[in-house]
Amino acid sequence: MRSFTYTRANDVANAVDEVSAEKESKFIAGGTNLLDLMKIQVERPSHLVDITRLALDTIEETAEGGLRLGALVTNADTAYHEQVEKRYPLLSHAILAGATAQLRNMATDGGNLMQRTRCYYFYDTDTPCNKREPGSGCSAINGYNRDLAILGTSEHCIATHPSDMAVALAALEANVRVTGKAGERVIPFSEFHRLPGDTPHIDTNLKPDEIITAIDLPAKGFADHYTYLKLRDRASYAFALVSVAAALDLDGDTVKEARVALGGVAHKPWRIPEAEALLKGKPATRENFQKVAEAYVQGAKGYGHNDFKIELAKRAIVRALLQAKEMEAKL
Amino acid sequence: MKTNEIGKPTNRVDGRHKVTGEAKYAGEFNVPNLAYGFAVNSAIAKGKIKKIDTSKALQVEGVLEVFTHENRPGYVWFDKNYKDMDAPPGSPFRPLYDNEVKFSMQPIALAVAETFELARYAASLVEVEYETSPHDTDFEANIERAYVPEEYNSGEPPKPWGQPDEALANAPVQIEEEYTHSSQHHNPMEMHASTVVYEADGKLTVYDKIQGVMNTHQYITHAFGMQPEEVQVISPFVGGAFGSGLRPQYQLFLAVLAARELKRSVRVTLTRQQMFSFGHRPKTMQRFALGASKEGKLEALQQDVFAETSRFEDYSEDVVIWAGVLYKCENVKLSHKLVDLDVYTPLDMRAPGGTTGTFALECSMDELAHKLGMDPIEFRLKNYSEKDQNEDKPFSSKELRECYRQGAEKFGWKKRNPAPRSMREGHNLIGWGMAHGAWEANQAQASAKAVLTSDGKLTVSSATADIGTGTYTVMTQIAAETLGLQLDDVTFKLGDSSLPDAPLEGGSKTVSTVGTAVKSACDKVRERLFELAQQVEGSPLAEASLEDVVFEGGQISLRKEPSKGVSITAAMSHNQGKAIEEEVSSKPADGQSDYARYAHSATFVEVKVDEDLGTIRVTRVVSAIAGGRIINPKTAKSQILGGVVWGIGVAMEEDTVMDNNLGRFMNHDLDKYHIPVNADVHEVEVIFVEEKDEIVNPLGAKGLGEIGIVSVAPAIANAVFHATGKRVRELPITLDKLL
Ligand SMILES: Cc1cc2nc3c(=O)[nH]c(=O)nc-3n(C[C@H](O)[C@H](O)[C@H](O)COP(=O)(O)OP(=O)(O)OC[C@H]3O[C@@H](n4cnc5c(N)ncnc54)[C@H](O)[C@@H]3O)c2cc1C
Ligand code: SF4
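Per an unreviewed UniProt entry, chain B carries the name Xanthine dehydrogenase family protein molybdopterin-binding subunit and comes from Pontibacter diazotrophicus.

In the nomenclature of an unreviewed UniProt entry, chain A corresponds to Xanthine dehydrogenase family protein subunit M from the organism Pontibacter diazotrophicus.

This is how it looks when you write it as structure tokens:
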């Protein structure tokens, strides 16, 4: 790997200063994604700002009746936190569907949102990839794209965002709190990650000098009717081909509110509020779920190896909504 | 025969070393002043290196040298000097030989530095300009070009017998199908590494990851023009290899080159990504045409194999021999052709040819049985082969029927509803499938030395390997059994080129080959001991012959009057304080080759397939094995379990993805190249059926390293068909293929 300098930040302001001081600097939290990428020269920071000692490692109640997840709380501590398990089981399940116990012990909530795509070509510096090297081309569009996106793609990049946690956070309409040189701001989850467009090298709307300090969960947790369905090529330790975070607020059999977010299909967790609204006031039936599923894949486009994801996504949405309704045993 | 050690589920004698980290692997032998090399791999699949600029790398402090084809030392001239013991016909690849690039990820330079990370960084600074030529890595597109190689490194496909074309045309029930699997990479846990210690006198001590130190030894002495006594190769532990360590890999060549040039000790370790830059199981397509009578008698069988190889070596494996071993059929035609592509040469991978051939054979037979409306076991029993038709030889033993019987009973096969899609549980379709298989039970030539010292301690040695299979343990058991010693009194040494010669550990023949040599050496010691025991004053054995005594518990005693005997130490006291030393070379017995020698398996599998989502779980596996005498049921079971788990991977996960635009394998790490994880493995039961075999070798034991894998993938594929009614003929069976 390229040589780098290293500092440990002692507070948020210091972290922001440090990361702004040098152009090619990066925060390091659990290191489970960044270090791997540094070893293979995909990430080549010249300066690392270690943020693991910042006091952002607690989960607290918010004034709005929700929970605030500090950016440095580990994925494991989040998933097994009593209040998260009780009020936001969808989030617990999504986190536990990802990676492995060892990785979740290291991985932080902030780092999870910032993890980079798993596109094969992004990982291999001897191949063209617009995300890694803007302007070099996209090897995946006409190459091997089985794992890649079917929604929101561009001619420059068809990568997916690999996080499971983020899919649940999208469904829950979380907010991301960030601090930069210009102070603090809150980014609604749906605006946090970007579509590739013609700037696929920029994954999120976080500015280079900004640090994630927390993720705020709104009061509503859909704890009675939810599911996280993850479909993948082996039973564990694999990224999603398609995943669905589904949540229902039911009045008897009638849907008051529905949330559906997809993972593994786009450059960001995919939500279509208009499609969710199709269920509003309607009975929670397979037929109605089917309509939502159809609406979600409207305009989806396969690139050959990943064509199957369109059909798989539809079936997964229906299954996930049925599971959320029945709260029966999971797959 | 009464036994004390053979047949016991003994723990691994090296287990403690392994779990405490005391066991050292090739990349862990540290010496003072060690330098580290990191290979640069080519970005293109074919062409020439126009320019290679190492200046930036050399400027980094701590970088010692960057070797390329431009500054490498002179090489010995002849191609044959680069042939290792496992080289297929052709011209072996020589690292840094010239500016030609023959495959993607070809090593084209070695950066050497004071630390591994510096070397890796320096490697990334090497700038290469290529003149690319069009490459071709597209297997399917080139099948038409397939050719018959001049020489098969496996064996020639057996000649046709009977009237295969006529019989097929006349058969009332026929099937004709194509079966494919893609390239697969071995991926042992331990990455390939070589630590080359440069001794004061220029001699080399080489710690190498290899499945037989003699191969490394030969390769270095030939390729570098060194004398045998100038090189010692040591490899006490191998962290898995599965065939990837049969041939010395390029890290060895580069480490030796650098050490000799720099006159300094050098280590080169490959990264996981680089583990995808050499041999692999070749992508293979097979056409099967089968014909049967209405009653289910197999009338005709034709198998045509098309397999990938490189442009410089013709690699082949035994894909077509399995039908002739497993099924009785009077009209058979077999062919095996190669498709040369711009890739590195394929390499034996656990049950090479067997895994591939059995998959297609057993799926096609399942298809035929289904078409005939027959139960798969009934169909197999009807066409059971009592002799090996490839060579027209009787079997030394074949308890396959017993595998069916015990396996089916344990599995509950009787309750199977034969109709596809007939068994379900909620969203899940349940499928039960079976397949059977065989694997060679060969014996080769090997030497071993046994040394018994006056304190009654025995050391046995042979230059074999333990690639995780349990060689240390099993050889210790065999030696202890032969001389009636406790396991603790026996030490077995391996993995050192200064020890008596042994072949590569591959082809499941180590127990048979080295075990026999160990037994013979110990038998010789036994004879000498007996003579000494007779000389002990008042020896109760004075009048006895060797057949009249037993060696047990450190005593040599009369078989008929066990209380009368002489202790081994007492006998040794008559040897003037000297040790008994015996070295033997053992060969297969005369007449052995008149018989076909195989281990057999029958595998039963239950799968649950989600009807809507296509996800598959292998919920139950029963593997029944006929493997001769089981020396150690515990290590034996581990081998079969490992084979079953790998079979799950072959069936559902393993797939090295070739990007034909780039001519490059793309999923080159363990996040993207999938092998089974614990969550993929549910109930697995192993049965060893009793099998007596006095021909296969004096121990009566057959190797078990590979038989466990061969029939797993087809059993899973057959179970998936039974569950879903859908036949997937292209491995791996992933969920998209079932939507
Ligand atoms: C083998 C493997 C399998 C995996 N499988 C899954 C899976 O199935 N599902 C899944 O969701 N994930 C999976 N992961 C990814 C894992 O969840 C992420 O690597 C992890 O969440 C990243 O967190 P971290 O703290 O280690 O981040 P780091 O590696 O430390 O950082 C990652 C990035 O985030 C930035 N960053 C970190 N913290 C902050 C912050 N507070 N503010 C701004 N930027 C920040 C860093 O600068 C860096 O760019 C897997 C990872 C591995 C290695
Ligand atoms: S899809 Fe995106 S990440 Fe993958 S090769 Fe194309 S540009 Fe790179």
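After that view, the rundown keeps rolling.
(A) Quick peek at the nonpolar core. Leu301, Leu361, Leu368, Phe604, Val607 and Ile716 of chain B are the most contacted members of the largest nonpolar core, which totals 94 residues. Setting aside residues no more than four positions away along its own chain, Val607 of chain B makes contact with Leu429, Ile430, Gly431, Ile616, Arg617, Val618, Thr619, Ile716, Ala719, Val720 and Ala723 of chain B.

(B) Geometry of the packing of helix H15 (residues 633–652) of chain B against helix H17 (residues 712–724) of chain B. All names here are of chain B. Running from N to C, H15 and H17 cross one another at 55°; their axes reach a closest spacing of 8 Å. When the axis of H15 is compared with that of H17, the two are oblique. Considering how the two elements wind past one another, H15 and H17 form a crossing that is right-handed. Between H15, through Gly643, Val644, Gly647, Ile648, Val650, Ala651 and Met652, and H17, the contact on the second element is made entirely by Val712, Ala713 and Ile716. Taken together, the residues of the contact of H15 with H17 break down into eight nonpolar, two polar and no charged.

(C) Layout of the sheet that holds strand E11 (residues 266–269) of chain B. Residue and element names in this part refer to chain B. In spatial order, the strands read E3-E5-E1-E11-E8-E9-E10; together these seven strands make up an open sheet with mixed pairing. Looking along the sheet, the strands with just one partner apiece sit at the ends: strand E3 (63–68) and strand E10 (231–234). On average, each strand axis in the sheet is inclined to that of its neighbour by 20°, with strand direction left out of account. Across the face of the sheet, helix H6 (residues 213–223) comes into contact with strand E9 (204–208) and E10 while running at roughly 150° to E10. Across the sheet, helix H7 (residues 250–262) is in contact with strand E1 (35–41), E3, strand E5 (107–113), strand E8 (193–198), E9 and E11; its angle to E8 comes to roughly 20°.

(D) Seen up close, the interface of chain B and chain A. At the junction of the two partners, chain B supplies 36 residues and chain A supplies 37 residues. Interface area, chain B with chain A, both sides summed: about 3,100 Å², of which 58% is carbon and sulfur. Area buried by chain B at its contact with chain A is led by Leu613, Lys672 and Leu739 of chain B, which between them contribute 17% of it. At the boundary of chain B with chain A, the tally comes to six salt bridges. Arg664 of chain B is paired through a salt bridge with Asp124 of chain A; the nearest N and O atoms lie 2.7 Å apart. Counting across the chain B and chain A interface gives 17 residue pairs in polar contact (both at pLDDT 80 or more). It is helix H3 (residues 116–125) of chain B that contributes the most residues to the side of chain B that touches chain A, four residues altogether. Of the residues in the side of chain B that touches chain A, the class split is twelve nonpolar, eleven polar and 13 charged.

(E) Structural view of the site of ligand 1. Residues and elements named next belong to chain A. Close to ligand 1 lie 34 residues, the nearest being Phe27, Gly31, Thr32, Thr108 and Asp164. Contacts to ligand 1 include Asn112, whose side-chain N or O atom sits 3.5 Å from an oxygen atom. With respect to ligand 1, the side chain of Asp164 contributes an N or O atom lying 2.6 Å from a nitrogen atom. Isolated, ligand 1 exposes 970 Å² of accessible area, and the fraction of that covered by the protein chains is 96%. Counting only elements with at least two residues in the shell around ligand 1, the list comes to strand E2 (25–28), helix H2 (34–39), helix H7 (109–114) and strand E8 (211–217). Class assignment of the residues belonging to the shell around ligand 1 gives a composition of 17 nonpolar, twelve polar and five charged. Split by domain, the residues of the shell around ligand 1 number at least three in each of domain 1 (5–50) and domain 2 (226–330).

(F) Highlighting the domain arrangement of chain B. Residue and element names in this part refer to chain B. Partitioning chain B into structural domains gives domain 1 (15–21 + 444–587), domain 2 (35–134 + 189–241 + 245–277) and domain 3 (284–442 + 593–738). Each of domain 1 and domain 3 was reduced to a C-alpha centroid, and the two centroids are 38 Å apart. Tallying the contact residues gives 16 residues for domain 1 and 16 residues for domain 3. Buried area between domain 1 and domain 3, both sides added, is near 1,200 Å², and the carbon and sulfur share of it is 57%.

(G) Quick peek at the confidence of the model for chain B. Here chain B shows a mean pLDDT of 97. Residues at 70 or above account for 100%. Predicted complex, confidence summary: ipTM 0.96, pTM 0.97.

(H) Structural context of the pairing of E5 of chain B. All names here are of chain B. The element E5 is extensively covered by neighbouring structure, given that seven of its seven residues are classed as buried. The pairing of E1 with E5 spans six bridges and is antiparallel. From the neighbouring strand, Asn41 faces E5, where its bridge partner is Pro107. Pairing of E3 with E5, which is carried by five bridges, proceeds in the antiparallel orientation. Bridge pairing in E5 places Phe67 opposite Leu110.

(I) Region of the structure containing the sheet that holds strand E22 (residues 549–552) of chain B. Residue and element names in this part refer to chain B. One open sheet accounts for three strands, arranged E22-E23-E24; its pairing is antiparallel. With one partner strand each, in any of the chains shown, E22 and strand E24 (565–567) form the two edges of the open sheet. Between one strand axis and the next, the sheet turns through 15° on average, direction left out of account. Taken together, the three bridges between strand E23 (residues 555–558) and E24 define a ladder with antiparallel strand orientation.

About the cut-offs
Residues numbered from 1 in each chain as written. Chains lettered and ligands numbered in written order. Predicted model: local features only at pLDDT ≥ 70, side-chain atom pairs only at ≥ 80, totals over all residues. Heavy atoms only, no water. Core = buried A, V, L, I, M, F, W, Y, C linked by side-chain atoms within 4.5 Å. Buried < 20%, exposed > 50% of the residue type's maximum accessible area, 1.4 Å probe, protein only. Contact = heavy atoms within 4.5 Å. Axes fitted to C-alpha atoms, helices over the stretch in contact; angles between N-to-C directions. Helix = DSSP H or I, 4+ residues; strand = E, 2+ residues; numbered from the N terminus. Parallel < 35°, antiparallel > 145°, perpendicular 65-115°, else oblique. Left-handed = near helix turned anticlockwise from the far one by under 90°. Nonpolar A, V, L, I, M, F, W, Y, C, P; charged D, E, K, R; others polar. Pairing = 2+ DSSP bridges. Buried area = accessible area lost by both parts, 1.4 Å probe. Salt bridge = Lys/Arg side-chain N within 4 Å of Asp/Glu carboxyl O. Polar contact = N/O pair within 3.5 Å; in protein donor to acceptor, adjacent residues only side chain to side chain. Near = heavy atom within 4 Å. Areas by Shrake-Rupley, 256 points an atom, 1.4 Å probe, with all protein chains shown as cover. Domains from an automatic or database assignment. pLDDT = per-residue confidence, 0-100.

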